[in-house]
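# Descriptive structure summary
Listed here are the chains, written in short residue letters.
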Amino acid sequence: MHKVVLDMDPGIDDALALILALKSSEVQVLGITTVAGNAPVEVTSANARRVLEYLNVESIPVAMGAANPLNHPLEDALSYHGPDGLGNCGLAMPLTPVHAAKAWDFLARLVLDAPHEVTLVATGPLTNVACAFERYPELPGLLAGLVLMGGAYGLTPYGKGNRTPFAEFNIWQDPEAAHTVVKSGMDILAVGLDVTMDPAACLNSQHLEQIKTKQTQAAHVAARLVEFGIEHRGCCRMHDPLALAALLDASLLDFISAKVEVVTGNDWDRGATRILPPDSSRSVQVASAVDGPRFVRLFLSCILEE
Ligand code: RIB
Ligand code: CA
């Protein structure tokens, strides 16, 4: 059982990752921290609570984090995720307030209270994580691990950028934060577009029909989210659920150990993630292959169970 904190920017695929986490017996979600990315942080925070409340989950706090990247203005992706950031899935707006603590303080408290027990799963820009590491320098050494959805490493034909031809959205949004996180030296599993853009790891209309057969709250909201992706793009990309799945079943992915450089600033190569020759610095485990059909089966089996 992994005790996890989900740092996310819901977002359709973040919400699907949250549903997967809630339905999986492999993880216990201790809390959610929200960050600006796909949508402004007030929206991503509301969206996390919308999903929790719809699924009648009352025990998981949501702590709000950064409203902007460290050094750049926010450029959201509402054109991709729909005006409400959740594919217009129709969930009621939340009634519960966000947690009193800021995301980085909330995360630090959980980790300091349970050293080496908590794994952080980051599926948005890494602004909150960088803020936490800067305020609490001991944190990287006390986390059990970090799984992040981010980067495009050129390891497969899909390993190209999606925000620019060179950079993946989460890293591009806050490259300085990503640089801080990568150089922290902690154990990192990086799940990038190299594997998440593999068509075999995406949901199609046949998968949607399977989800629609299930009359549960989780299946109902998952169907609405997946349907938006399929209607607008022909398939539903599963970036964030696949990153979480690395924790549920690491055998779904192959990884290479590599030194990763993040290009900071705002030039043409902002947010590019480059693999460099190994040196004395700590390597990142970068996903290099995925068993897409087996990942899809895992996701569907979790969503379709009672
Ligand atoms: O590039 C894909 C990533 O950016 C996903 O995490 C998606 O939710 C957006 O945050
Ligand atoms: Ca995300």
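To start, this report covers the structure provided alongside it. (Residues numbered from 1 in each chain as written. Chains lettered and ligands numbered in written order. Predicted model: local features only at pLDDT ≥ 70, side-chain atom pairs only at ≥ 80, totals over all residues. Heavy atoms only, no water.)

## What about the overall build of the protein?
- In terms of helices and strands, the protein carries 13 helices and nine strands.
- Considered along the principal axes of its C-alpha atoms, the protein spans approximately 55 × 45 × 35 Å.
- Here the protein holds 306 residues, and 58% of them are scored as buried.
- Of the roughly 11700 Å² that the protein leaves accessible, carbon and sulfur atoms contribute 53%.
- Considering the protein, the positive charge centre built from 21 side chains and the negative charge centre built from 35 side chains are found 1 Å apart. (Helix = DSSP H or I, 4+ residues; strand = E, 2+ residues; numbered from the N terminus. Buried < 20%, exposed > 50% of the residue type's maximum accessible area, 1.4 Å probe, protein only. Areas by Shrake-Rupley, 256 points an atom, 1.4 Å probe, with all protein chains shown as cover. Lys, Arg positive; Asp, Glu negative; His and termini not counted. Charge placed at Lys NZ, Arg CZ, Asp CG, Glu CD.)

## Quick notes on the coordination of the calcium ion (ligand 2)
- Distances from the calcium ion (ligand 2) to its protein donors, namely Asp9 (OD), Asp14 (OD), Asp14 (OD), Thr123 (O) and Asp240 (OD), fall within the range 2.2 to 2.6 Å.
- Within one chain, the residues donating to the calcium ion (ligand 2) are spaced in sequence as D-x4-D-x108-T-x116-D. Each member of the pair Asp9 and Asp14 is classed as buried. (Donors = N, O, S within 2.8 Å, 3.2 Å for Na, K, Ca; no water.)

## Quick look at the sheet that holds strand β7 (residues 253-262)
- Here we have nine strands laid out as an open sheet, ordered β3-β2-β1-β4-β5-β6-β9-β7-β8, and mixed in their pairing. Looking at which strands have only one partner, the edges of the open sheet turn out to be β3 (62-64) and β8 (273-276). Pairwise comparison of adjacent strand axes, ignoring direction, gives a mean angle of 35° for this sheet.
- Pairing analysis gives five bridges linking strand β1 (residues 2-8) to strand β4 (residues 118-122), with the strands arranged parallel. Within the sheet, the bridge partner assigned to Lys3 lies in β4 and is Val118. (Pairing = 2+ DSSP bridges. Axes fitted to C-alpha atoms, helices over the stretch in contact; angles between N-to-C directions.)

## Let's talk about the packing of aromatic side chains
- The full count for this structure, using the stated rule, is one aromatic pair.
- On the numbers, 5.1 Å between centres and 80° between planes, the contact of Phe166 with Trp268 is edge-to-face. Here Trp268 lies in the loop between β7 and β8 and Phe166 lies in the loop between β5 (145-149) and α7 (169-173), a separation of 102 residues in the sequence.
- Overall, Phe166 belongs to the partly exposed group, its relative accessible area being 40%. (Phe/Tyr/Trp six-rings, centres within 6.5 Å; stacked < 30°, edge-to-face > 60°.)

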